[in-house]
Amino acid sequence: ADCRYTCHQECCSLVQLDCPRPEPCQSPLSPQGTLLPPFCLNVTQTVEEKPEPLTIQEIKEKIEKYNAKVTNCLLMKLNDDGTYTGFIKVHLKLRRPVTVPAGIRPQSIYDALKEVNLADMTDKRTSFYLPLDAIKQLHISSTTTVSEVIRGLLKKFMVVDNPQKFALFKEMRKDGQVLFQKLLLTEYPLYLRLLAGPDTDVLSFVLKENETGEVEWDAFSIPELQNFLMILDKEEKEKIQQVQRKYEKFKQRLQQTLKEARGKPG
């Protein structure tokens, strides 16, 4: 809080600082790899707080309050069996290319109604980048899990990559900080949406790459690996140019200093 130091949650217990605060930052380790902003202690408690299950009556009251705040007609509906349906928006923030079938026409309404999987119509594959921060709206149930949401998104975009490459995060804003937390595959996004309300500034969902530490290169296709090599080659050239410019400036300064020093005593 004083020095504005930022670290990964796994690294938090390893950081040694001369912190004037009486309580050091000792947050529990998280397998999700969440990037923590400053105020690590308070943020961790907020992010990992687990809500208590709601009764059917509480769910009914929550849905009524939720629908009263909705301004875009995307209401939640309570079913007789206690389940409910509604809408969530997912932001796609993918830094790496995805693999899709080559030469396939866009999916039509007829294909969606008949559950036609266009990706099965060809073995040819190509790789491309999805538009940065694209948004997809999904109509799901309270029983729809994070795993099903990820698979549904990939199917809508005809992405044939392994779903394990991707993870769904919830994005929250608190005290000017943007917080991300990776959701478990067994969690229910619509339940989280209901608790947070319809305001996406309070809670939004983001699809990102599943950063598990070790890169499983066998899971990537040939076009993906070729793109990675092109990106690495470009970054290497840029780094070489930066180093060359740096030492060229040092050389010019040294030559200028030597030139000015000539003829002076000592």
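Because the structure is a prediction, the values reported are computed rather than measured.

### Things to note about a nonpolar patch on the surface
There is a patch of nonpolar side chains on the surface, built from Val243, Tyr247 and Phe250 and spanning about 290 Å² of accessible area. Structurally, phenylalanine 250 is set in helix H6 (residues 222-261). Its relative accessible area of 40% is what places phenylalanine 250 among the partly exposed residues.

### Structural notes on the packing of aromatic side chains
In total, this model carries one aromatic pair according to the counting rule given. Measuring from ring centre to ring centre gives 5.7 Å for tyrosine 247 and phenylalanine 250, while their planes differ by 85°; the resulting arrangement is edge-to-face. On the criterion of helical spacing, the pair formed by tyrosine 247 and phenylalanine 250 is a turn pair, its members being three residues apart in helix H6. The ring of phenylalanine 157 is capped by lysine 136, whose NZ or CZ atom sits 5.8 Å from the centre of that ring. The side chain of lysine 208 reaches across the aromatic face of phenylalanine 169, ending 5.1 Å from its centre.

### Regarding helix H2 (residues 56-69)
Here H2 is 14 residues long and its end C-alpha atoms lie 20 Å apart, about the 20 Å a rise of 1.5 Å per residue gives. Those residues of H2 not exposed but buried are Ile59, Ile63 and Tyr66. Down the axis of H2, the buried side of the element spans an arc of 65°, and every buried residue falls inside it. Facing away from the buried side of H2, by more than 90 degrees, are the exposed residues Lys65 and Ala68. Packing partners of the buried residues in H2 comprise strand E3 (77-78), strand E4 (84-92) and helix H5 (189-196).

### A short note on helix H4 (residues 146-156)
Turning to H4, its buried residues are Val146, Val149, Ile150, Leu153 and Leu154. Viewed end-on, H4 has its buried residues packed into an arc of 130°, placing them on one side of the element. Residues of H4 that are buried sit in contact with E4, strand E7 (134-141), strand E8 (166-174), H5 and strand E10 (203-209). Following H4 by one or two positions, methionine 158 adopts a phi angle in the positive range, close to 55°.

### Topic: the packing of H2 against H5
The interhelical angle for the contact between H2 and H5, taken along N-to-C directions, is 65°, at an axis separation of 9 Å. With respect to H5, the axis of H2 lies roughly perpendicular. The element H2 and its partner H5 pack so that their crossing is left-handed. Where H2 abuts H5, its residues Ile59, Lys62, Ile63 and Tyr66 lie against Arg193, Leu194 and Leu195.

### A look at the pattern of salt bridges
Scanning all chains against the criterion turns up four salt bridges. Note that lysine 165 and aspartate 161 form a salt bridge whose closest N and O atoms lie 3.1 Å from each other. The burial state of lysine 165 is the same as that of aspartate 161; both residues are buried. Between arginine 173 and glutamate 171 there is a salt bridge, with its nearest N and O atoms 2.9 Å apart. A single salt-bridge network, built from bridges that share partners, covers Lys93, Glu171 and Arg173.

The rules behind these values
Residues numbered from 1 in each chain as written. Predicted model: local features only at pLDDT ≥ 70, side-chain atom pairs only at ≥ 80, totals over all residues. Heavy atoms only, no water. Patch = residues over 30% accessible without salt bridge, like charges linked within 9 Å, V, L, I, M, F, W, Y side chains within 5 Å. Areas by Shrake-Rupley, 256 points an atom, 1.4 Å probe, with all protein chains shown as cover. Salt bridge = Lys/Arg side-chain N within 4 Å of Asp/Glu carboxyl O. Helix = DSSP H or I, 4+ residues; strand = E, 2+ residues; numbered from the N terminus. Buried < 20%, exposed > 50% of the residue type's maximum accessible area, 1.4 Å probe, protein only. Phe/Tyr/Trp six-rings, centres within 6.5 Å; stacked < 30°, edge-to-face > 60°. Lys NZ or Arg CZ within 6 Å of the ring centre and 35° of its normal. Expected span 1.5 Å × (residues − 1). Arc of directions from axis to C-beta. Contact = heavy atoms within 4.5 Å. Axes fitted to C-alpha atoms, helices over the stretch in contact; angles between N-to-C directions. Parallel < 35°, antiparallel > 145°, perpendicular 65-115°, else oblique. Left-handed = near helix turned anticlockwise from the far one by under 90°.

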